[in-house]
Amino acid sequence: MAAAARSRVAHLLRQLQRASCQCPTHSHTYSQAPGFSPYGKTTDYAFEMAVSNIRYGAGVTKEVGMDLQNMGAKNVCLMTDKNLSQLPPVQVVMDSLMKNGINFKVYDNVRVEPTDKSFMEAIEFARKGAFDAYVAVGGGSTMDTCKATNLYASSPHSDFLDYVSAPIGKGKPVSVPLKPLIAVPTTSGTGSETTGVAIFDYEHLKVKIGIASRAIKPTLGLIDPLHTLHMPARVVANSGFDVLCHALESYTALPYHMRSPCPSNPISRPAYQGSNPISDIWAVQALRIVAKYLKSHGMSYPISGLVKTYKAKDYNVDHPLVPHGLSVVLTSPAVFTFTAQMFPERHLEAAEILGAHTRTARTADAGPVLADALRKFLFDLDVDDGLAAVGYSKADIPALVKGTLPQERVTKLAPRPQSEEDLSALFEASMKLY
């Protein structure tokens, strides 16, 4: 009797294993990856979630002074940019700090789309200030600058390139303790309040590169939707494009168990790990939110870093600027046409969420279908007509390719490997969108 029961259980388990579930959590065969031991594996076998604590609510910014008081902070660095220093989000933070008796100094020289030089200026300010906590009020530029500042002020003997991602930097693991950092985002695209990544323009090579370590992620993110009311229209749109492309890239990325090399120590597991059952759910939901509300990741870096004269509308800056969200979305039709042959079903699913009719579409057409959906989406939102519209020409393609090659932490997660010739073709295809 017991043997018969065991046989039935074994049969049921085999049936369950063969069953094909189509929900986002289980649609990959993650649980069937061979082996659970890291020993001898060339690809990874695990993924790790490491996010900040998040508090969401209209008006929640006014609690920041109490949070710092609870942390025992005595000398705080409030980091922002020149524009925001005159706007309500910063004033709300300062009022809360003063109300709760928190001593603070303001650094408002953050550069929109920061550089290694602007990072180092902020780091020097922090080293002189000997702060015991940080508050970043702004978009991704401010939060990334503050994360880098906290790191290097806490590691004063480190060379700047020590923590910068390879191949440009040494990519050393962060082993020093950092100070508490509270992030108060004022835009809605970057998600920098939840990540251990800080992005900047490395001026010597004219490329964007980053520092990536879980150690630098903010201690707390205060998500206050009231701050988005102060965003100009194009800033809102470009923030949305950032969400759109992050979600598409995440959902169509190489699955985590196919990423190599397998880390010999968990401290070496990268921040960007590939698609996984948890990020799949969030990526799909993010796509749905963008598709529903917006009308009412390595190729973008050289586009922003090599910008010549273009100045984005609604951005009050004193230097040429292609906002990150705009730079990622301009190449998106070409990129997802290229990657679709690896995971066509996911590309078609994304296209359907964006409004495409996919019921009769063939998997072989997944790339063009998604690309057409993206073009229509961008056209309806009056997005610039490709790279040519923001000042680039075919003569710039070699430099754009050269700027993309160092972005290994991002490009290695693309589901389809790309050669220099592939990248050249993608940039050429992105010169004009419509």
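Residues numbered from 1 in each chain as written. Predicted model: local features only at pLDDT ≥ 70, side-chain atom pairs only at ≥ 80, totals over all residues. Heavy atoms only, no water.

Q: Tell me about the overall build of the protein, residues and numbers included.
A: Across its full length, the protein holds 15 helices and eight strands. Looking at the protein residue by residue over its 434 residues, the buried ones come to 51%. Surface summary for the protein: the accessible area is close to 20,400 Å², and the carbon and sulfur share equals 56%. (Helix = DSSP H or I, 4+ residues; strand = E, 2+ residues; numbered from the N terminus. Buried < 20%, exposed > 50% of the residue type's maximum accessible area, 1.4 Å probe, protein only. Areas by Shrake-Rupley, 256 points an atom, 1.4 Å probe, with all protein chains shown as cover.)

Q: Describe the side chain of Thr358, and please don't skip the residues or the numbers.
A: By the secondary structure assignment, Thr358 is in the loop between helix 11 (344-353) and helix 12 (366-380). Contact partners of Thr358, with chain neighbours within four places excluded, come to Leu348, Ala351, Glu352 and Val369. (Contact = heavy atoms within 4.5 Å.)

Q: Describe in detail the sheet that holds strand 4 (residues 133-138), supporting the description with residues and values.
A: Spatially, the six strands line up as an open sheet ordered 1-8-5-4-2-3, and their pairing is parallel. Each edge of the open sheet carries a strand with a single partner, namely strand 1 (53-56) and strand 3 (104-107). Going from strand to strand, the sheet's axes swing by 20° on average, the running direction of each strand aside. Sheet topology places strand 1 next to strand 8 (residues 220-223); four bridges connect them, and they run parallel. Each bridged residue has a counterpart across the sheet, and for Ile54 the counterpart in strand 8 is Gly221. Seen against the sheet, helix 4 (residues 116-129) touches strand 2 (76-79), strand 3 and strand 4 and runs at an angle of roughly 165° to strand 3. (Pairing = 2+ DSSP bridges. Axes fitted to C-alpha atoms, helices over the stretch in contact; angles between N-to-C directions.)

Q: I'd love a proper account of the packing of aromatic side chains, names of residues and values included.
A: For the structure on display, the rule yields nine aromatic pairs. Note on Phe131 and Tyr134: the rings are 6.2 Å apart at their centroids and 65° apart in plane angle, and the pair reads as edge-to-face. Its relative accessible area of 4% is what places Phe131 among the buried residues. A ring pair is formed by Tyr152 and Phe160, whose centres lie 5.2 Å apart and whose planes are at 25°; its orientation type is stacked. (Phe/Tyr/Trp six-rings, centres within 6.5 Å; stacked < 30°, edge-to-face > 60°.)

Q: Provide a residue-level description of a nonpolar patch on the surface, including the pertinent values.
A: The grouping of Met49, Ile278, Ile281 and Trp282 at the surface amounts to a nonpolar patch, some 390 Å² of accessible area in total. Looking at where Trp282 falls in the secondary structure, it is placed in helix 7 (residues 277-293). (Patch = residues over 30% accessible without salt bridge, like charges linked within 9 Å, V, L, I, M, F, W, Y side chains within 5 Å. Salt bridge = Lys/Arg side-chain N within 4 Å of Asp/Glu carboxyl O.)

Q: Got a sec to walk through the nonpolar core? Specific residues and values, please.
A: Core analysis: the largest hydrophobic core is formed by 44 residues, its most contacted members being Phe241, Leu244, Leu248, Val329, Leu370 and Val383. Those elements that provide at least two residues to this core are helix 6 (233-252), helix 7, helix 9 (324-330), helix 11, helix 12, helix 13 (397-404) and helix 15 (420-429). Val329 has contacts with Phe241, Leu244, Cys245, Leu378 and Val383, leaving out every residue within four places of it along the chain. By size, the runner-up hydrophobic cluster in this structure holds 20 residues, among which are Val64, Leu84, Val184 and Leu220. (Core = buried A, V, L, I, M, F, W, Y, C linked by side-chain atoms within 4.5 Å.)

Q: Give a description of unusual backbone geometry that names residues and reports values.
A: Excluding glycine, a negative phi dihedral is what most residues carry, and trans is how most peptide bonds are arranged. Following Ala166, the chain continues into Pro167 via a peptide bond in cis, with omega recorded as 10°. Inspection of the secondary structure assignment puts Pro167 in the loop between helix 5 (140-154) and strand 5 (181-185). For the peptide bond that leads from Ser260 to Pro261, omega is 0°, which places it in the cis range. Following the sequence through the fold, Pro261 ends up in the loop between helix 6 and helix 7. Even without a glycine there, the phi angle at Asp382 is positive, about 60°.

Q: Outline the pairing of strand 8, supporting the account with residue identities and numerical values.
A: Taking every second residue as pointing to the same face, both faces of strand 8 are buried, with Leu220 and Leu222 on one and Gly221 and Ile223 on the other. With two bridges connecting them, strand 5 and strand 8 associate as parallel partners. Pairing of Ala183 across the sheet is with Gly221, part of strand 8.

Q: Lay out the packing of helix 2 (residues 64-71) against helix 3 (residues 88-99) in plain terms, naming residues and giving numbers.
A: Packing of helix 2 against helix 3 leaves a shortest axis separation of 7 Å and a crossing angle of 45°. Between helix 2 and helix 3, the angle is such that the two are oblique. For the pair helix 2 and helix 3, the sense of crossing is right-handed. Of the residues in helix 3, those touching helix 2 at Val64, Gly65, Met66 and Leu68 are Val93, Ser96 and Leu97. Taken together, the residues of the contact of helix 2 with helix 3 sort by class into five nonpolar, two polar and no charged. (Parallel < 35°, antiparallel > 145°, perpendicular 65-115°, else oblique. Left-handed = near helix turned anticlockwise from the far one by under 90°. Nonpolar A, V, L, I, M, F, W, Y, C, P; charged D, E, K, R; others polar.)

Q: Residue-level account of the environment of Ser239, with values.
A: As for its position among the elements, Ser239 is in helix 6. Ser239 gets classed as buried once you look at its relative accessible area, which sits at 8%. Counting along the chain gives 55 residues from Ser239 to Leu294, while the straight-line C-alpha distance between them is 9.6 Å.

Q: How would you summarise helix 12 if you had to cite specific residues and measurements?
A: An ideal rise of 1.5 Å per residue puts 21 Å on 15 residues; helix 12 measures up with 21 Å between its terminal C-alpha atoms. Those residues of helix 12 that fall on the buried side of the exposure criterion are Ala366, Gly367, Val369, Leu370, Ala371, Ala373, Leu374, Phe377 and Leu378. Positive phi appears at Asp382, one or two residues downstream of helix 12, with a value of about 60°. (Expected span 1.5 Å × (residues − 1).)

Q: Just give me the short version of helix 4, but keep the residues and values in it.
A: Along an α-helix, a turn takes 3.6 residues, which lines up residues three or four apart on a common side. Between its terminal C-alpha atoms helix 4 stretches 20 Å, which fits the 20 Å expected from 14 residues at 1.5 Å a residue. Among the residues making up helix 4, those that are buried are Asp116, Ser118, Phe119, Ala122, Ile123, Ala126 and Gly129. For helix 4, the buried positions fall inside an angular range of 160° around the axis, keeping them on one side. Helix 4 presents Lys117 and Lys128 as exposed residues on the side facing more than 90 degrees away from its buried surface. The elements touched by buried residues of helix 4 are strand 2, strand 3, strand 4, helix 5, strand 6 (197-202) and strand 7 (207-212). Positive backbone phi, approximately 50°, marks Ala130, located one or two places after helix 4. (Arc of directions from axis to C-beta.)

Q: Describe the packing of helix 13 against helix 15, and please don't skip the residues or the numbers.
A: Axes are the key here: two packed helices are described by the angle between their axes and the distance separating the axes. Relative orientation of the contacting elements helix 13 and helix 15 amounts to 125°, with a least axis distance of 9 Å. By the angle between their directions, the pair helix 13 and helix 15 is classed as oblique. Crossing angle aside, the handedness with which helix 13 passes helix 15 is right-handed. Packed against helix 13, whose contacting residues are Ile397, Leu400, Val401 and Thr404, the element helix 15 presents Glu420, Leu423, Ser424, Phe427 and Glu428 at the interface. Its residues placed into classes, the contact of helix 13 with helix 15 shows five nonpolar, two polar and two charged.

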